[in-house]
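Chain residues, written in single-letter form:
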Amino acid sequence: MSEVLVLVDHVDGAVKKPTYELLTIAKRLGEPSAVFIGPADQGAEVAEKAKKYGAEKVYVIDDAQLKGYLVAPKAEALQQLAEKSAPAAILIPSSAEGKEIAGRLAIKLESGLITDAVDVQEGPVTTQSVFAGNFTVQAKVTKGTPIITVKPNSAAPEETDGAGAVEEFAPTISDAAKTAQIVASQPRQATGRPELTEAAIVVSGGRGTAGNFEPIEALADALGAAVGASRAAVDSGWMPHSFQVGQTGKTVSPQLYVANGISGAIQHRAGMQTSKTIVAVNKDEEAPMFELVDFGVVGDLHTVLPAVTEEINKRKG
Amino acid sequence: MNIVVCVKYVPDATADRQFEPDNTVDRVGVDGLLSELDEYGVEQSLQIKEKAAAGDDPVESTVTALCVGPEKALDAVRKALQMGADKGVHVIDDAIAGSDAVATSLVLAKAIEKLGAETPVDLVVGGLASTDAGMSVVPAMLAERLGLPQVTLASVVEFQGDQVRIKRDGDTATEVIGGTMPLVLSVTDQSGEARYPSFKGIMAAKKKPLETWSLSDLGVDASEVGAGAAWTEVIDTTARPPRTAGEIVKDEDGTGAKALTEFLASKKFI
């Protein structure tokens, strides 16, 4: 069986959940090989985690000469690794950076690229959700090594033992790849809540919050959910852009999406329409969001949400 | 400065978007327009031109709106000209229909090289993503093909001379990215509201130079583009069954909260 390369999603060596989802998908296609681009001394620790989800090999690429530059060196490193290992497919997390790496890699390897897959099965055949979630598209790569970026929550991570053999790989990075410099970097402040794109439950607020996100955050915490916001709430300066759900923000597909004071414009729906269960609270019974919901409450979020939160907390004891 | 801004013609997101029987996007039967997210690219291109012309050491710039697409795609170029771009280039060729991002980036790259034949191109500008396919990969592909620095997904753009600095709100960190022109820049919808064309702008656009190029003008062989040359193949497209509205209750003195709590509990979310 051929190797399937999985680019490890991590922040400073802390492996994120999508990595395990990608390893689980890779197992359907071949032998999973995790590719860790980060500090070499964290390679062993990452390998320990990756092998629990079936990684047979763990390539460690020290990022000392890559990390000061945007995207291009990582694409170059993956190109050289792919040329050496001749994988059956390359799976990359569908983040902004992941997609840019994948785009460059596709040109370098003269290989087909599919982005934002929500499922990948043998073939590999991918499933994507397009046009604001109104259509499902199945596709495959017809040239070269399939390069597929996969969205979070596309598979349930399955624990299975892999050999987890660590192999160091030292790519040669060209000067041409070092032309976009990362001058400064400020890590995003931890909120203590699940990450928006990875969360099982998302509680969002829009214009109807009038800028008061306390009821949203309190309900989110009672449900163990991530907090999201509509573009209207972000444009009003109530929430940072990193919380935005929608076409120009994050696309989420949680088990439960609770939209509060959000009218439900197409741009917002594009970011949440594929959620399993949708609930809305809105004063305006004409809000288009109500067309999508499994359950809706016509009422003021400022009274409804605190009451729900209180009841949930009471039941949790 | 020679600034080229890439603009895409897309089916209107508020219209009833469809696929053709051959699984390509219906770009003819559905009303289209300049991709909303590319308006931000046009806006930043114009702002860069205006700022470069304003300083102590004023620099004149030309903003060219470049579009690849069918006949109707000219509307996207026109909109960019109305907003203030100086000239337009429309690459149109029957062979291009069905091209994937890889082939589209090839056509764009060749057109950008042609635009830089006399005066080198300093800035290639793009948007965050198209509003139809939404892959968000073309600017990175262009940087790869043109061998230029990739300074992408900017929420703030600053420049001094040939030095460009952007703020990039990444997935896990906010970064400042720096590069030297010539480079590929892409901007998000956070970079600044796009201007509306003024009446004067709409009238002026009618007189602006507009060129139409075919693949042969770019030295691209028809076999390198189109559905046949795509490195990916759509096997099937299915309309998702529309969501049917579920139960909706009116809140009266706390009944809404009770009903909602019961619903969440019945679905085991509590």
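Residues numbered from 1 in each chain as written. Chains lettered and ligands numbered in written order. Predicted model: local features only at pLDDT ≥ 70, side-chain atom pairs only at ≥ 80, totals over all residues. Heavy atoms only, no water.

J.: So what's going on with the pattern of salt bridges? Residues and values would help.
T.: Across all of its chains, the model carries 31 salt bridges over all chains by this definition. Linking Lys-151 of chain A and Asp-116 of chain A is a salt bridge whose minimum nitrogen-to-oxygen distance equals 3.8 Å. Of this pair, Lys-151 of chain A sits in the loop between β10 (147-150) and β11 (165-168) while Asp-116 of chain A sits in strand β7 (residues 113-121); the two residues are 35 residues apart in sequence, bridging distant segments of the chain. Summarising the burial analysis for this pair, Lys-151 of chain A and Asp-116 of chain A share the class buried. The shortest N-O distance in the salt bridge between Asp-235 of chain A and Arg-231 of chain A comes to 3.2 Å. Separated by four residues within a single helix, Asp-235 of chain A and Arg-231 of chain A lie in helix α6 (residues 231-235), roughly one turn from each other. The class for Arg-231 of chain A is partly exposed, based on a relative accessible area of 22%. One network of salt bridges, in which partners are shared, links Arg-231 and Asp-235 of chain A together with Glu-36 and Asp-189 of chain B. (Salt bridge = Lys/Arg side-chain N within 4 Å of Asp/Glu carboxyl O. Helix = DSSP H or I, 4+ residues; strand = E, 2+ residues; numbered from the N terminus. Buried < 20%, exposed > 50% of the residue type's maximum accessible area, 1.4 Å probe, protein only.)

J.: If you had to explain helix α1 (residues 17-29) of chain A to someone new, which residues and values would you point to?
T.: Residue and element names in this part refer to chain A. The end-to-end C-alpha separation of α1 is 19 Å, in line with the 18 Å expected for 13 residues at 1.5 Å each. Among the 13 residues in α1, ten count as buried, and that is most of the element. When α1 is considered as a whole, its buried residues turn out to be Pro-18, Thr-19, Tyr-20, Glu-21, Leu-22, Leu-23, Thr-24, Ile-25, Ala-26 and Leu-29. (Expected span 1.5 Å × (residues − 1).)

J.: Give a detailed account of the nonpolar core, specifying residues and quantitative values.
T.: If you look at the biggest cluster of nonpolar residues, it comprises 75 residues, and the most contacted ones within it are Val-35, Ile-92 and Ile-147 of chain A together with Val-7 and Leu-185 of chain B. Among all residues touching Ile-92 of chain A, those that are not within four sequence positions of it are Leu-7, Leu-22, Leu-78, Gly-98, Ile-101, Ala-102, Leu-105, Ile-147, Ile-148, Thr-149 and Val-150 of chain A. The next biggest cluster of nonpolar side chains, apart from the first, holds 32 residues, and it includes Ala-225, Val-304 and Leu-305 of chain A together with Leu-260 of chain B. (Core = buried A, V, L, I, M, F, W, Y, C linked by side-chain atoms within 4.5 Å. Contact = heavy atoms within 4.5 Å.)

J.: Any chance you could break down the interface of chain A and chain B for me, citing the residues and the numbers?
T.: Counting from both sides, the interface comprises 85 residues of chain A and, opposite them, 75 residues of chain B. For the pairing of chain A and chain B, the buried interface totals around 6,900 Å² over both sides, and the portion due to carbon and sulfur atoms is 59%. Linking chain A with chain B are eight salt bridges, by the criterion used here. Scanning the region where chain A abuts chain B turns up 36 residue pairs in polar contact (both at pLDDT 80 or more). Among the elements that take part in the side of chain A that touches chain B, helix α4 (residues 96-109) of chain A stands out by supplying nine residues, more than any other. Looking at the side of chain A that touches chain B residue by residue, the classes come out as 39 nonpolar, 27 polar and 19 charged. Judged from the seven bridges that link them, strand β9 (residues 135-141) of chain A and strand β12 (residues 232-239) of chain B form a sheet pairing that is antiparallel. Residue pairing across strands places Ala-139 of chain A opposite Val-234 of chain B, the latter belonging to β12 of chain B. (Buried area = accessible area lost by both parts, 1.4 Å probe. Polar contact = N/O pair within 3.5 Å; in protein donor to acceptor, adjacent residues only side chain to side chain. Nonpolar A, V, L, I, M, F, W, Y, C, P; charged D, E, K, R; others polar. Pairing = 2+ DSSP bridges.)

J.: Can you break down the sheet that holds β10 of chain A residue by residue, with the values?
T.: Reading across from one edge, β11(A)-β5(A)-β4(A)-β1(A)-β6(A)-β10(A)-β7(A)-β8(A)-β9(A)-β12(B) is the order of the ten strands in this open sheet, with mixed pairing throughout. The sheet terminates laterally at β11 of chain A together with β12 of chain B, the two strands that pair on one side only. Taken pair by pair, the neighbouring strands of this sheet meet at an average axis angle of 35°, ignoring direction. Note: β7 of chain A against β10 of chain A, three bridges, orientation parallel. Bridge assignment links Leu-113 of chain A to a residue of β10 of chain A, and that residue is Ile-147 of chain A. (Axes fitted to C-alpha atoms, helices over the stretch in contact; angles between N-to-C directions.)

J.: Can you explain the packing of α4 of chain A against helix α4 (residues 138-146) of chain B? Please cite residues and give values.
T.: Where α4 of chain A contacts α4 of chain B, the two axes come as close as 8 Å, and the packing angle between them is 40°. Between α4 of chain A and α4 of chain B, the angle is such that the two are oblique. Of the two elements, α4 of chain A crosses α4 of chain B, and the hand of that crossing is right-handed. Note on element contacts: α4 of chain B touches α4 of chain A through Ala-140, Met-141, Ala-143, Glu-144 and Arg-145 of chain B, opposite Glu-100, Gly-103, Arg-104, Ala-106, Ile-107 and Lys-108 of chain A. In terms of residue class, the contact of α4 of chain A with α4 of chain B is made up of five nonpolar, one polar and five charged. (Parallel < 35°, antiparallel > 145°, perpendicular 65-115°, else oblique. Left-handed = near helix turned anticlockwise from the far one by under 90°.)

J.: Before we move on, could you go through the sheet that holds strand β9 (residues 173-180) of chain B and cite the residues and values that matter?
T.: An order of β12(A)-β9(B)-β8(B)-β7(B)-β10(B)-β6(B)-β1(B)-β4(B)-β5(B)-β11(B) is seen for the ten strands of this open sheet, with the pairing classed as mixed. Each edge of the open sheet is held by one strand with a lone partner, namely β12 (181-187) of chain A together with β11 (210-213) of chain B. For this sheet the average axis-to-axis angle between neighbouring strands, irrespective of direction, equals 30°. Running at roughly 170° to strand β5 (residues 87-91) of chain B, helix α2 (residues 74-83) of chain B makes contact with β4 (62-68), β5 and β11 of chain B of the sheet. Together, β1 (2-6), β6 (123-126), β7 (150-160) and β10 (183-187) of chain B form the strand contacts of α4 of chain B, whose direction differs from that of β10 of chain B by roughly 180°.

J.: Which residues make up the packing of aromatic side chains, and what are the values?
T.: Scanning all chains against the criterion turns up five aromatic pairs over all chains. With a centroid separation of 4.2 Å and an interplanar angle of 25°, the aromatic rings of Tyr-20 of chain A and Tyr-53 of chain A are classed as stacked. With Tyr-20 of chain A in helix α1 and Tyr-53 of chain A in the loop between α2 (43-51) and β5 (57-62), this residue pair connects regions lying 33 residues apart in the sequence. An identical accessibility class is assigned to Tyr-20 of chain A and Tyr-53 of chain A; each is buried. Ring centres of Phe-135 of chain A and Phe-19 of chain B lie 5.1 Å apart, and the angle between their planes is 75°; on these two criteria the pair is classed as edge-to-face. Of the two residues, Phe-135 of chain A is situated in strand β9 and Phe-19 of chain B in the loop between β2 (9-11) and β3 (32-34); the pairing between them involves two chains. For the residue pair Phe-135 of chain A and Phe-19 of chain B, the accessibility class agrees, reading buried in each case. These aromatic residues form a ring-pair network of at least three members: Phe-131 and Phe-135 of chain A together with Phe-19 of chain B. (Phe/Tyr/Trp six-rings, centres within 6.5 Å; stacked < 30°, edge-to-face > 60°.)

J.: I'd like to hear about the pairing of β5 of chain A, residue by residue, with values.
T.: All names here are of chain A. Bridge analysis of strand β4 (residues 31-38) against β5 gives six bridges, and the strand direction is parallel. Its bridge partner being in β5, Ile-37 is matched across the sheet by Ile-61. In this fold, β4 hands off to α2, which returns the chain to β5; that crossover is right-handed. In terms of strand pairing, β5 meets β11 through four bridges, oriented parallel. Paired with Val-58 across the strands is Val-166, a residue of β11. (Right-handed = clockwise from strand over helix to strand, strands pointing away.)

J.: How would you summarise the UniProt feature "domain: Electron transfer flavoprotein alpha/beta-subunit N-terminal" (unreviewed entry) in chain A if you had to cite specific residues and measurements?
T.: The UniProt feature table records "domain: Electron transfer flavoprotein alpha/beta-subunit N-terminal" (unreviewed entry) at residues 4-186 of chain A. Between the C-alpha atoms that bound residues 4-186 of chain A the distance is 33 Å, and the span itself is 27% helix and 34% strand. (UniProt positions renumbered as here; feature names shortened; annotations may be inferred.)

J.: If you had to explain the side chain of Gln-244 of chain A to someone new, which residues and values would you point to?
T.: Structurally, the position occupied by Gln-244 of chain A is in the loop between α6 and β15 (256-260). Since its relative accessible area comes to 1%, Gln-244 of chain A is described here as buried. There is a polar contact of 2.9 Å between the side chain of Gln-244 of chain A and the side chain of Thr-248 of chain A. When residues no more than four places from it in sequence are discounted, the contact partners of Gln-244 of chain A are Leu-196, Ala-229, Ser-230, Arg-231, Val-234, Gly-249 and Lys-250 of chain A together with Asp-189 and Gln-190 of chain B.

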